[in-house]
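# Chains, contacts and geometry: an overview
Residue-level listing of the chains:
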Amino acid sequence: MIEKISNMFDTVANGSNGSVWLVLLIGFCFGAIILYSRLDKFEKMAGFMIFEDTLVPRMAMTTVALSSLGFYFLVDAGYASYAIKPTILGGLIIGAILFGTGLVILGKCPSAFFVSVSEGRVDAFVGVLGGMVGGAVFTLAYPWIENFIGPDLGKIRLSDILGGYDLTIVLTLSSVLLLTAYLLPTINYVDPADEKSK
């Protein structure tokens, strides 16, 4: 077990993603942003699910827009690379249903679980354990699962469908997301249980 963990750090260190310390620093910064924006709180996700809080969609749209722009220019400058995953329709649908179900039950995105665990949240720890067990089951059962997750539709890119225009697509979609995030009203959900306890 210890050897596998050590190999994991070696893989990161020997890859083209920067040093282990840089990866840890980025992770800590990411966690700090989640804590500061309170995206690890159950009521924020619950409020989003019932359309009474706009923090989650605004943060998500802003993050995707800015990271898409940054990533495009990093790739264009040769500082980063990416691999397109194949589109397996059945797997995407089943995965989306499982992901959405877990999101609603636990009220967190997977990235926020570890931030909540660092705060001592037991519900998040249960979610992390469930994710690890689910990952292990998926790995062991993959030869069987592979038979019904659907055909491989190939590596689909929007720029391939439109015949290029990568920068135009990135700028257009990022602009739409940023504008939508800006125009969404700021609505903060207040948990009725918290109000009653005051």
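For the structure, see preceding data.
In this report, the structure presented in the accompanying data block is examined. Predicted, not measured: the structure shown is a model, and the values here were computed from it.

## Remarks on unusual backbone geometry
- Its identity as a non-glycine residue notwithstanding, Tyr 165 has a phi of 60°, on the positive side.
- Locating Tyr 165 in the fold gives a position in the loop between α8 (158-162) and α9 (166-183).
- In this structure Tyr 165 comes out as exposed when scored by relative accessible area, which is 57%.

## Some details on α9
- The end-to-end C-alpha separation of α9 is 26 Å, in line with the 26 Å expected for 18 residues at 1.5 Å each.
- Looking only at α9, the buried set comprises Ile 169, Val 170, Ser 174 and Ala 181. Down the axis of α9, the buried side of the element spans an arc of 115°, and every buried residue falls inside it. Turned more than 90 degrees from where α9 packs its buried face, Tyr 182 and Leu 183 sit exposed.
- Those residues of α9 hidden inside the fold are in contact with α4 (55-76) and α8.

## Points about the nonpolar core
- By size, the foremost hydrophobic cluster in this structure holds eight residues: Ile 34, Leu 39, Met 45, Leu 55, Val 56, Leu 103, Ala 112 and Val 115.
- Sorting the residues of this core by element identifies α4 and α6 (110-118) as the ones contributing at least two each.
- Once residues lying within four places of it in the same chain are set aside, the contact partners of Leu 39 are Ile 34, Leu 55, Val 56, Met 59 and Ala 112.

## Things to note about the pattern of salt bridges
- Applying the stated criterion across every chain, the model contains two salt bridges.
- Residue Asp 160 is joined to Arg 157 by a salt bridge in which the shortest nitrogen-to-oxygen separation is 3.6 Å.
- Looking at Arg 157, the relative accessible area reads 23%, which means it is partly exposed.
- One salt-bridge network, held together by shared partners, links Arg 157, Asp 160 and Asp 166.

## Re the packing of aromatic side chains
- According to the stated counting rule, one finds two aromatic pairs in the structure shown.
- Ring geometry for Tyr 72 against Phe 73: centres 5.3 Å apart, planes inclined by 80°, an arrangement best described as edge-to-face.
- A relative accessible area of 44% means that Phe 73 is categorised as partly exposed.

## A word on the packing of helix α3 (residues 42-49) against α4
- At a minimum axis separation of 8 Å, α3 and α4 run at an interaxial angle of 95°. Here α3 is positioned roughly perpendicular relative to α4, judged by the angle of their axes. Residues Lys 44, Met 45 and Phe 48 of α3 form the contact with α4, whose participating residues are Leu 55, Val 56 and Pro 57.

What counts and what doesn't
- Residues numbered from 1 in each chain as written.
- Predicted model: local features only at pLDDT ≥ 70, side-chain atom pairs only at ≥ 80, totals over all residues.
- Heavy atoms only, no water.
- Helix = DSSP H or I, 4+ residues; strand = E, 2+ residues; numbered from the N terminus.
- Buried < 20%, exposed > 50% of the residue type's maximum accessible area, 1.4 Å probe, protein only.
- Expected span 1.5 Å × (residues − 1).
- Arc of directions from axis to C-beta.
- Contact = heavy atoms within 4.5 Å.
- Core = buried A, V, L, I, M, F, W, Y, C linked by side-chain atoms within 4.5 Å.
- Salt bridge = Lys/Arg side-chain N within 4 Å of Asp/Glu carboxyl O.
- Phe/Tyr/Trp six-rings, centres within 6.5 Å; stacked < 30°, edge-to-face > 60°.
- Axes fitted to C-alpha atoms, helices over the stretch in contact; angles between N-to-C directions.
- Parallel < 35°, antiparallel > 145°, perpendicular 65-115°, else oblique.

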